[in-house]
Amino acid sequence: MNNNLKAAVFSFTKRGTELGKKVAAFLQGIEYEPILWTLPKYADDVDEACLNNADVIAMGYPCDYHQVVAEAMQKCQALVFIGATGICIRAIAPHLRDKTVDPAIISLDERANFVIPLIAGHIGGANELSRHLAEAVGAIACVTTATDVNGLFAVDEWAARNNIALGNMKAAKDVATALVNGEEVGLVTDDAVIIEGKLPKQVVWGENPAVGMALSVYDNTAPFETTLQLFPKIVHLGIGCKRNTPLEKIEALVLMVMQELHIDMRSVVAIASVDLKKDEAGLLAFAKKYGLAAHFYTADELNAVEGDFSVSPLVQRVVGVGNVCERSAVKDSNYGKVILHKTSLNGVTCAIAVENITLDFSKTGLRK
């Protein structure tokens, strides 16, 4: 189970709580960790017969129900309210922040007639989640976003599903507006990005339309009058450093080379190094600060990486491999293209490789 996906289900009546069991079971089946919140007098019944699965937890509301909602808004990726839509809206309103960070908020009546995505329909996945939830409980999904009701491509939803960062929300809105208005939207990509299948309706290759999308790791790829930059997370940083190198020195080199190459940090997916550095505080702190995975390989694994790499005799004697950063970047990117060879500053070395990625605009399915 993916321990990062949290969900809260809120019910207020006996019938709503019975439906809440089904909703919680559905969420668990798609790898969420759900908590079913209900009135205390119903919680014991749910615990006793909650599908014989200890991972579905039923809790009775404490005195302050609104505090429970506030905490769920911070910790959960999805909140489902079973009851009147007004109850949901009044509960979440004080805690809404921004469409890029708000969790998916869904309202469902207690007779399972309608499932209504209210907040974070695209980026948070509420629209897609509502469709699948409706199917699971025999309801109708009431999706109201303009691109969806017109059967058009929703770039923010697609980007979120494919782990792609949006460069600018205004530009994303401009893309959606152009599509809804019947206009064509252009598309350009980096060499590492392979598009499989047909392009969405009204999306065309090339730079002719006034509005377009650039699938690129580079922040200066802006060929359209209005360009939505889409940053696929395919950049891997190979890093070597002396023992006890502080975060600041690692950061200084990485940010310098990224700026020089015009690579957006939102395109970086991971750092990599030799396994002797797996407890290096500065490396781990850097990965944590930028939300990156940290992968470490043995000297034998790095020596097995094929390619033309520079060699440091000192590093070879100490670590067992003559070049840590380049070999780490290449291996971590699944033998992607090196776009920065070994670069050094203040005892830190860095190399960058970009993995190839295949994307399909028609790919659907519940995002987990």
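(A) Fine view of the sheet that holds strand S18 (residues 348-354). Ordered by their spatial adjacency, five strands build an open sheet running S16-S15-S14-S18-S17, and the pairing between neighbours is mixed. The strands lining the two open edges of the sheet, one partner per strand, are strand S16 (293-297) and strand S17 (337-345). Adjacent strand axes in the sheet meet at a mean angle of 20 degrees, parallel and antiparallel pairs treated alike. Examined bridge by bridge, strand S14 (residues 235-241) and S18 share seven bridges and lie antiparallel to one another. Bridged to histidine 236 within S18 is alanine 353.

(B) Summary view of the pattern of salt bridges. In this structure the tally under the stated criterion is eleven salt bridges. Of the charged contacts in the structure, one is a salt bridge between lysine 21 and glutamate 18, with a shortest N-O distance of 3.2 Å. Here the residue lysine 21 and the residue glutamate 18 both occupy positions in helix H1 (residues 14-29), the gap between them amounting to three residues, near one helical turn. Put simply, arginine 161 and glutamate 128 hold a salt bridge, and the shortest N to O gap is 3.5 Å. With arginine 161 in helix H7 (residues 155-161) and glutamate 128 in helix H5 (residues 126-137), this pair connects stretches of sequence that are 33 residues apart.

(C) Structural context of unusual backbone geometry. The residue asparagine 244 is not glycine, and still its phi comes out positive at about 65 degrees. Mapped onto the elements, asparagine 244 comes out in the loop between S14 and helix H9 (247-261). With a phi angle near 60 degrees, histidine 262 is a residue other than glycine that sits in the positive phi range. Topologically, histidine 262 is positioned in the loop between H9 and strand S15 (268-274).

(D) Representation of the sheet that holds strand S13 (residues 226-232) within the structure. The strand order across the open sheet built from five strands is S8-S13-S12-S9-S11, with neighbouring strands paired in mixed fashion. Strands with a single pairing partner mark the edges of an open sheet, and in this sheet they are strand S8 (164-166) and strand S11 (203-205). Averaged over neighbouring strand pairs, the angle between their axes works out to 30 degrees when direction is ignored. Alignment of strand S9 (residues 185-189) against strand S12 (residues 211-215), held across three bridges, turns out to be parallel.

Rules and cut-offs
Residues numbered from 1 in each chain as written. Predicted model: local features only at pLDDT ≥ 70, side-chain atom pairs only at ≥ 80, totals over all residues. Heavy atoms only, no water. Pairing = 2+ DSSP bridges. Helix = DSSP H or I, 4+ residues; strand = E, 2+ residues; numbered from the N terminus. Axes fitted to C-alpha atoms, helices over the stretch in contact; angles between N-to-C directions. Salt bridge = Lys/Arg side-chain N within 4 Å of Asp/Glu carboxyl O.

Purely geometric stuff here, so don't read any function into it on its own.
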